[in-house]
Amino acid sequence: SQTIHQWPATLVQPVGSPLSLECTVEGTSNPNLYWYRQAAGRGLQLLFYSVGIGQISSEVPQNLSASRPQDRQFILSSKKLLLSDSGFYLCAWNLSGRQARGEKLFFGSGTQLSVL
Amino acid sequence: GIQVEQSPPDLILQEGANSTLRCNFSDSVNNLQWFHQNPWGQLINLFYIPSGTKQNGRLSATTVATERYSLLYISSSQTTDSGVYFCAVVGGAQKLVFGQGTRLTINP
């Protein structure tokens, strides 16, 4: 069966420090991968999605970047964190090429990031 | 882009009550999913239901695509049903767009 791992669960970082959040999927190949951010317990905002290695689409201009160095690995990064980067970050996956046709989306357990 | 509105934003019920959550969307969709986020933040996929009706235990969902809405029914609520329920849709942009959620609190 497929599983998704996301770490760390919580992170406290000072303003201006770098960030690296990692997400890996097991039990499937060539998944679509997504990074979402959730602020104040409501409303998930899509940040990045990837349909394959090295293929990243950005949804909103921001202080963050994403990379997909391996088929089942998705990394969210920042060179210098801002206070506004605080939030709950969720990684998700679904089967390749099928979001429009109805494949379910599955989420990791999330990372609570606090920038102080 | 497509707009997704959920109502009510907050709902407080006693254990054993039934509830109906609504999701309206602004354009035709080919993918609609309901999620439950528990108090620890974990998002669980409840239903994939672009049209028709599905049931899973005490939960059921109905989507009327022609009228652009979906309903999630929870019967005989339990405290473990508490959390935020999200509706998400895919329209022409091929990406899942989430509503703002309904926060459900079930009191013992």
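Every chain is numbered independently, its residues counted from 1 as its sequence is written. Think of it this way: whatever chain is written first is A, whatever ligand is written first is 1, and the rest follow in order. Only residues with pLDDT of at least 70 are given local features in this predicted model, and only at 80 or more are side-chain atom pairs given and counted; all residues enter the totals for whole chains, interfaces and linings. Processing note: side-chain calculations cover all non-hydrogen atoms of the structure and skip hydrogens and water entirely.

## Here's the deal with the overall build of chain B
What counts is decided by this rule: Comment: elements are numbered from the N terminus, with helices defined as DSSP H or I runs of at least four residues and strands as E runs of at least two. The globule rule is 2.2 Å times the number of residues to the power 0.38, and the radius of gyration it is compared with is taken over C-alpha atoms. Three labels apply to residues, based on accessible area from a 1.4 Å probe with only protein chains included: buried if under 20% of the type maximum, exposed if over 50%, partly exposed otherwise in between. By definition, residues are in contact when any of their heavy atoms lie within 4.5 Å. To measure how exposed things are, a 1.4 Å probe is used in the Shrake-Rupley method; for residues, cover is taken only from the protein chains shown.
The number of helices and strands found in chain B is zero helices and eleven strands. Starting at the N terminus and ending at the C terminus, chain B contains elements arranged as β-β-β-β-β-β-β-β-β-β-β. Taking 108 residues into account, the globule formula puts the C-alpha radius of gyration at 13 Å, and chain B, at 13 Å, falls close to it. On the principal axes, the C-alpha backbone points of chain B span a range of 40 × 25 × 20 Å. Within chain B, the fraction of its 108 residues that count as buried is 51%. Across chain B, contacts joining residues at least 24 apart in sequence account for 54% of those joining residues at least 6 apart. By element, 49% of the accessible surface of chain B is carried by carbon and sulfur atoms, the whole surface being about 5000 Å².

## Description of the pattern of salt bridges
Residues and elements named next belong to chain B. Going by this rule: The salt bridge criterion pairs a side-chain nitrogen of Lys or Arg with a carboxyl oxygen of Asp or Glu, the two atoms within 4 Å.
Counted by the stated rule, this structure contains four salt bridges over all chains. Among the ionic pairs, Arg68 bridges to Asp27, the shortest N-O distance being 4.0 Å. Here Arg68, found in the loop between strand S7 (59–64) and strand S8 (69–74), pairs with Asp27, found in the loop between strand S3 (19–25) and strand S4 (31–37); they are 41 residues apart in sequence, far enough to count as distant. Residue Arg68 is classed as partly exposed on the basis of its relative accessible area, which comes to 36%. The class of Asp27 is partly exposed, set by a relative accessible area of 40%.

## Some thoughts on the side chain of Thr111 of chain A
Residues and elements named next belong to chain A. This is how the line gets drawn: N or O atoms within 3.5 Å of each other form a polar contact, as long as, within protein, one can give a hydrogen and the other can take it, and as long as residues adjacent in sequence are counted only when both atoms are side-chain atoms.
Here Thr111 is to be found in strand S11 (residues 111–115). According to the relative accessible area criterion, Thr111 is buried, its value standing at 0%. Within the local environment of Thr111, its side chain forms a polar contact with the side chain of Gln6, the two groups lying 3.5 Å apart. Setting aside residues up to four positions removed in sequence, Thr111 forms contacts with Gln6, Trp7, Pro8, Ala9, Leu11, Leu21, Gly87, Phe88 and Tyr89.

## Structural notes on the side chain of Asn94 of chain A
Residues and elements named next belong to chain A. Following the sequence through the fold, Asn94 ends up in strand S9 (residues 87–94). With a relative accessible area of 0%, Asn94 lands in the buried category. Here Tyr34 takes part through its side chain, which lies 3.1 Å from a polar atom of the side chain of Asn94.

## Notes on the sheet that holds strand S6 (residues 52–56) of chain B
Hydrogen bonds between backbone groups are what pair the strands of a sheet, and the pairing can be parallel or antiparallel. All names here are of chain B. Quick note on the threshold: Strands qualify as paired when DSSP identifies two bridges or more between them. Every axis corresponds to a line fitted to the C-alpha atoms, with the helix fit spanning only the stretch in contact, and the corresponding angles, defined between N-to-C directions, vary from 0 to 180 degrees.
What the five strands build is an open sheet, ordered S1-S3-S8-S7-S6; its pairing is antiparallel. Pairing within the sheet leaves two strands with one partner each, and these edge strands are strand S1 (4–7) and S6. Adjacent strand axes in the sheet meet at a mean angle of 15°, parallel and antiparallel pairs treated alike. Taken together, the six bridges between S3 and S8 define a ladder with antiparallel strand orientation.

## Focus on the packing of aromatic side chains
Note the cut-off: Any Phe, Tyr or Trp ring, taking Trp's six-membered ring, that has another such ring centre within 6.5 Å forms a pair; planes under 30 degrees apart are called stacked, those over 60 apart edge-to-face, and the others tilted.
Applying the stated criterion across every chain, the model contains ten aromatic pairs over all chains. For the pair Tyr36 of chain A and Phe98 of chain B, a centre-to-centre distance of 5.4 Å together with 80° between the ring planes defines the contact as edge-to-face. Residue Tyr36 of chain A is found in strand S4 (residues 32–39), and its partner Phe98 of chain B is found in strand S10 (residues 96–98); the two belong to separate chains. When its relative accessible area of 0% is taken as the criterion, Tyr36 of chain A is described as buried. Look at Phe98 of chain B and you get buried, because its relative accessible area is 7%. Ring geometry for Phe86 of chain B against Phe98 of chain B: centres 6.2 Å apart, planes inclined by 80°, an arrangement best described as edge-to-face. With Phe86 of chain B in strand S9 (residues 83–90) and Phe98 of chain B in strand S10, this pair connects stretches of sequence that are twelve residues apart. Of the aromatic side chains, those joined through ring pairs into one cluster are Tyr34, Tyr36, Tyr49 and Phe107 of chain A together with Phe35, Phe86 and Phe98 of chain B.

Keep in mind these numbers describe shape, not what the thing actually does.
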